[in-house]
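A structural walkthrough
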Amino acid sequence: MTVEKMSIAKALNESLRKALETDPKVLIMGEDVGKLGGVFRITDGLQKDFGEERVIDTPLAESGIVGTAIGLALRGYRPVVEIQFDGFVFPAYDQIVTQLAKMHARALGKVKMPVVIRIPYAGGIGAVEHHSESPEALFAHVPGLKVVSPSTPSDAYWMLQQAIQSDDPVIFFEPKRRYWDKGEVDVEAIPGALHEARVALAGTDITLAAYGPMVKVCLEAAAAAAEEGKSVEVVDLRSMSPIDFDGLQRSVEKTRRLVVVHEAPVFLGVGSEIAARITERCFYHLEAPVLRVGGFHAPYPPARLEDEYLPGLDRVLDAVDRSLAF
Amino acid sequence: MTVESTAARKPRRSSGTKRAAAGASTRKSADSAAAAAQSAEPQLVQLLTPEGERVENAQNAEFLPYVSDITAEDLRGLYRDMVLTRRFDGEATALQRQGELGLWASLLGQEAAQIGSGRALREDDYVFPTYREHGVAWCRDVDPTNLLGMFRGVNHGGWDPTVNNFHLYTIVIGSQTLHATGYAMGVAKDGADSAVIAYFGDGASSQGDVNEAFTFSAVYNAPVVFFCQNNQWAISEPTERQMRVPLYQRAAGFGFPGVRVDGNDVLACLAVTRWALERARRGDGPTLVEAFTYRMGAHTTSDDPTRYRRDEERAAWEAKDPIERLKAHLLASGDADEEFFAALEAESEQLGKRVREVVRAMPDPDTMAIFENVYADGHALVDEERAQFAAYLASFEEGH
Ligand SMILES: Cc1ncc(C[n+]2csc(CCOP(=O)(O)OP(=O)(O)O)c2C)c(N)n1
């Protein structure tokens, strides 16, 4: 066992380094990923060590970045693309949705699309417009894409390896406000599958399901609830497409209550799908309807309203209370 | 970087090598080709040398008439615009450092490009800026403190774009060039003789949107001026990472003229922009103006340029400072005296003071503003969520 303590940012950096070392077909592409090491420094030092042919500063054109990554993948490369911020993925959305996601099916399975698109996402860093979006549902809705988000350094390290090794396109959402959170990474442990949910905290009264940046909030809420004598289980979904419904079902059958928490708007969000499926699967186990906590049907607000907009401890606990009151 | 190693001709299979596996080839790299293309540097349109001397040459002959009306008073006005804009910009940078703003995108070094082009505009022209056009906003009489709301994080815009024909700042790079083109198409349909100007950066010129804007404006002969401030850098990426030919030359491929102007020469920027606007008004269609300038500061206050660019480069551009250049000219020609500079300094202090005061007093928005203006017609879901959230917030008041 080789355990190291590192931040999520560092874990991602180490993960990319390992991927570049292990597979000569892995390429890093994006704006400012070279000398600057990316605006969040996730690719720091990689161009220095692997050269400009493998860590590629691209022109400022997201459609171009993803479109050429598709071509490189057709030629046998494994591009790992960095989109600078969540709100800037949309110029590439056409390439991702109409081309990347469908290529494998259209080619009768003969062509693989091992492209990873890394996107720093979600709020909490006080940024300006377009720098705090949570568009995961827009991608999870598209057949052909895998959509994941780590919440710990260990998952950041391993899930990125797994995403790069996957022959399918993976949208890899990085919770930017957690980049500097530290935790232990066992760089030798054999991880579970990319899409498997993880019980982050065991409990018996109610399940909180979350992913990415909200896992931490849910753990804090669970700690606060524990002081009031409530036993909260926190499930880190890790993957939004596919979703580990079996894992979640096991938890809900035990606790009989579920609250899904995400930063993205609640309306037609990942939580909506989970509420529907879990209701189908666990109808006779549920003591309360599945509740959702998340963003509003409104544009992401300016930074000074972020604290009110983002689901925090109080809103999660409020939902826990409402569920338990049924 | 040119890779000439013959050993690398075949793709390497061994893993773990830190060399490019299959990428290193004997082909000429794009960078060296770009260097070759850039070495045939075109002359800039320049009317005022870095030493502040007026010049007349074959390059600028076509544009000279466009500033033949400029008086000493006008020159002092341009100087004042640049000084106050720089002061405002410096104040905003300082306010960011003090935590009053979340972010700031400085225009330091780009004052001439912005003031020159901004002062070329007529009141009925329409401007589509990026996020850095504080000097153009100044020329449009937008209260500079209005620009700070979005950087402080209290709004996403902060002004009514229709009041001064100055559109909201656009952060997604290049998007606004299409809006400008469409607006210009509308102007033409209306039979008006106003013009439209779209600002963007050298980096943004790589975006599909910008190229589509070029296409549309050419096809529909839209009265739009594409004003690209080539400040040499797109965050950490130099211009060579965006294109292999000098930027202004790309216009030719779309079927309209492109001009490279000395972006640190306010007079040249004024002349060339007037010329381009004139073409638009006449019905001659779009023009690309490349203002060749330099971003003296960081990309934004979150950026660290020491990681990718050298101090010597900055120093070389400092010698071409747009404000110093005009000052030298004003002094040498006697068009301005010490009294003028002293009065301007006092005005500059006043502006700085006002900006500080307004920003510090800028209130946070009301929480319920989240639900405002989501739809023009109203929307049941928004109404429901607004009511739920209001009830939720009210529950805290009752409880304590
Ligand atoms: C579509 C999109 N991708 C990425 C970004 C992030 N970004 C903001 S400014 C910038 C560099 C722009 O450079 P340039 O167009 O040369 O303009 P400058 O900032 O130098 O004025 C980048 C990459 C963005 N705003 N929009």
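Cut-offs used in this document
- Residues numbered from 1 in each chain as written.
- Chains lettered and ligands numbered in written order.
- Predicted model: local features only at pLDDT ≥ 70, side-chain atom pairs only at ≥ 80, totals over all residues.
- Heavy atoms only, no water.
- Domains from an automatic or database assignment.
- Contact = heavy atoms within 4.5 Å.
- Buried area = accessible area lost by both parts, 1.4 Å probe.
- Salt bridge = Lys/Arg side-chain N within 4 Å of Asp/Glu carboxyl O.
- Polar contact = N/O pair within 3.5 Å; in protein donor to acceptor, adjacent residues only side chain to side chain.
- Helix = DSSP H or I, 4+ residues; strand = E, 2+ residues; numbered from the N terminus.
- UniProt positions renumbered as here; feature names shortened; annotations may be inferred.
- Near = heavy atom within 4 Å.
- Areas by Shrake-Rupley, 256 points an atom, 1.4 Å probe, with all protein chains shown as cover.
- Buried < 20%, exposed > 50% of the residue type's maximum accessible area, 1.4 Å probe, protein only.
- Pairing = 2+ DSSP bridges.
- Right-handed = clockwise from strand over helix to strand, strands pointing away.
- Patch = residues over 30% accessible without salt bridge, like charges linked within 9 Å, V, L, I, M, F, W, Y side chains within 5 Å.
- Lys, Arg positive; Asp, Glu negative; His and termini not counted.
- Charge placed at Lys NZ, Arg CZ, Asp CG, Glu CD.
- Core = buried A, V, L, I, M, F, W, Y, C linked by side-chain atoms within 4.5 Å.
- Axes fitted to C-alpha atoms, helices over the stretch in contact; angles between N-to-C directions.
- Parallel < 35°, antiparallel > 145°, perpendicular 65-115°, else oblique.
- Left-handed = near helix turned anticlockwise from the far one by under 90°.
- Nonpolar A, V, L, I, M, F, W, Y, C, P; charged D, E, K, R; others polar.

1. A look at the domain arrangement of chain A
All names here are of chain A. Under the domain assignment used here, chain A contains domain 1 (3-186) and domain 2 (198-325). Its C-alpha centre places domain 1 at a distance of 26 Å from the equivalent point of domain 2. With 27 residues of domain 1 in contact, the opposing surface of domain 2 contributes 23 residues. Between domain 1 and domain 2, roughly 1900 Å² of surface is buried when both sides are summed, and carbon and sulfur atoms account for 51% of that area. The interface formed by domain 1 and domain 2 contains 4 salt bridges. Inspection of the domain 1/domain 2 interface yields 14 residue pairs in polar contact (both at pLDDT 80 or more). Mapped by element, the contributors of at least two residues to the side of domain 1 that touches domain 2 are α6 (136-140), β6 (146-148) and α7 (153-165).

2. Considering the UniProt feature "domain: Dehydrogenase E1 component" (unreviewed entry) in chain B
Taking the UniProt record as the reference, the feature "domain: Dehydrogenase E1 component" (unreviewed entry) is found at residues 80-357 of chain B. Helix makes up 45% of residues 80-357 of chain B and strand 11%, with an end-to-end C-alpha separation of 22 Å.

3. Concerning the site of the ligand
In the vicinity of the ligand lie 20 residues, with E62 of chain A together with Y131, R132, I171 and A204 of chain B positioned nearest. Mapping the residues near the ligand onto chains gives chains A and B. Within the side chain of Y131 of chain B, a nitrogen or oxygen atom sits 2.6 Å from an oxygen atom of the ligand. Residue G203 of chain B places a main-chain N or O atom 2.8 Å away from an oxygen atom belonging to the ligand. Alone, the ligand offers 580 Å² of accessible surface; in the complex the protein occludes 96% of this.

4. Points about the pairing of strand β14 (residues 291-295) of chain A
All names here are of chain A. Most of β14 is tucked away, with 4 of its 5 residues classed as buried. Judged from the 4 bridges that link them, strand β13 (residues 258-265) and β14 form a sheet pairing that is parallel. Each residue of the ladder has a partner; that of P265, found in β14, is G295. Handedness of the β-α-β unit built from β13, helix α10 (residues 270-282) and β14 comes out right-handed.

5. What about a negative patch on the surface?
On the surface, a cluster of negative charge is made up of D307 and E308 of chain A together with D366 and E372 of chain B. The topology assignment puts E372 of chain B in the loop between α12 (338-361) and α13 (380-399).

6. Some details on the environment of H131 of chain A
Residue placement: H131 of chain A occurs in the loop between β5 (116-121) and α6. It is 6.2 Å that separates the C-alpha atoms of H131 of chain A and D86 of chain A, two residues lying 45 residues apart in sequence. In contact with H131 of chain A, not counting residues within four places along its chain, are F85, D86, F88, A122 and K176 of chain A together with I171 of chain B. One polar contact links the side chain of H131 of chain A to the main-chain carbonyl oxygen of E129 of chain A, over a distance of 2.7 Å.

7. Structural notes on the nonpolar core
Core analysis: the largest hydrophobic core is formed by 155 residues, its most contacted members being I96, I117 and I274 of chain A. Looking at which domains feed residues into this core, each of domain 1 (3-186) and domain 2 (198-325) of chain A supplies at least three. Filtering out sequence-adjacent residues up to four positions away, I96 of chain A remains in contact with V66, V89, A101, I117, F139, L145 and I171 of chain A. Core analysis: the second largest hydrophobic core is formed by 21 residues, V196, A198, A222 and F256 of chain B among them.

8. A word on the sheet that holds strand β12 (residues 239-241) of chain A
Residue and element names in this part refer to chain A. Taken in spatial order, the 7 strands make up an open sheet running β3-β2-β4-β5-β7-β6-β12, and their pairing is mixed. Two strands bound the open sheet, and with one partner strand each, they are β3 (55-57) and β12. This sheet shows a mean twist of 20° between the axes of neighbouring strands, independent of strand direction. Bridge count between strand β4 (residues 78-82) and β5: 3 bridges; the pairing is parallel. The partner of V80 across the bridge, within β5, is V116.

9. Quick notes on the pattern of salt bridges
Applying the stated criterion to the full structure yields 45 salt bridges over all chains. Between K230 of chain A and E228 of chain A there is a salt bridge; the shortest N-O distance is 2.7 Å. Of the residues examined, K230 of chain A reaches a relative accessible area of 19% and is grouped as buried. Ionic pairing is found between R86 of chain B and D321 of chain B, a salt bridge with its closest N-O pair at 2.9 Å. Highlighted residues: R86 of chain B in helix α2 (residues 72-97) and D321 of chain B in the loop between α10 (311-318) and α11 (322-333), separated in sequence by 235 residues. Overall, the relative accessible area of 22% leaves R86 of chain B in the partly exposed class. Judged by relative accessible area, which is 10%, D321 of chain B ranks as buried. What emerges from the salt-bridge pattern is a single network uniting D155, R198, D236 and R238 of chain A.

10. Looking at unusual backbone geometry
Along the chain, S241 of chain A connects to P242 of chain A via a cis peptide bond; the corresponding omega equals 0°. With respect to the helices and strands, P242 of chain A occurs in the loop between β12 and α9 (245-255). Backbone geometry at R41 of chain A places phi at a positive 65°, although glycine is not the residue there. Using a relative accessible area of 25% as the deciding quantity, one classes R41 of chain A as partly exposed. If you check the backbone angles, N221 of chain B has positive phi at about 50° while not being a glycine.

11. What about the interface of chain A and chain B?
On the side of chain B, 57 residues touch chain A, which itself brings 50 residues to the contact. Where chain A abuts chain B, roughly 4400 Å² becomes buried across the two surfaces, and 59% of that area is made up of carbon and sulfur atoms. Area buried by chain A at its contact with chain B is led by L60, H297 and R304 of chain A, which between them contribute 18% of it. For the pair chain A and chain B, the number of links is 3 salt bridges.

12. Looking at the UniProt feature "domain: Transketolase-like pyrimidine-binding" (unreviewed entry) in chain A
As recorded in UniProt, the sites labelled "domain: Transketolase-like pyrimidine-binding" (unreviewed entry) are residues 6-181 of chain A. Helix makes up 36% of residues 6-181 of chain A and strand makes up 17%, while its end C-alpha atoms are separated by 8 Å.

13. Remarks on the packing of helix α8 (residues 214-227) of chain A against helix α12 (residues 313-324) of chain A
Residues and elements named next belong to chain A. The geometry of α8 relative to α12 is characterised by a closest axis approach of 9 Å and an angle of 60° between their N-to-C directions. Relative to α12, the element α8 is oriented oblique. The crossing of α8 and α12 is right-handed. Touching V217, E220, A221, A224 and A225 of α8 are L313, V316 and L317, all from α12. Partitioning the contact of α8 with α12 into residue classes produces 7 nonpolar, no polar and 1 charged.

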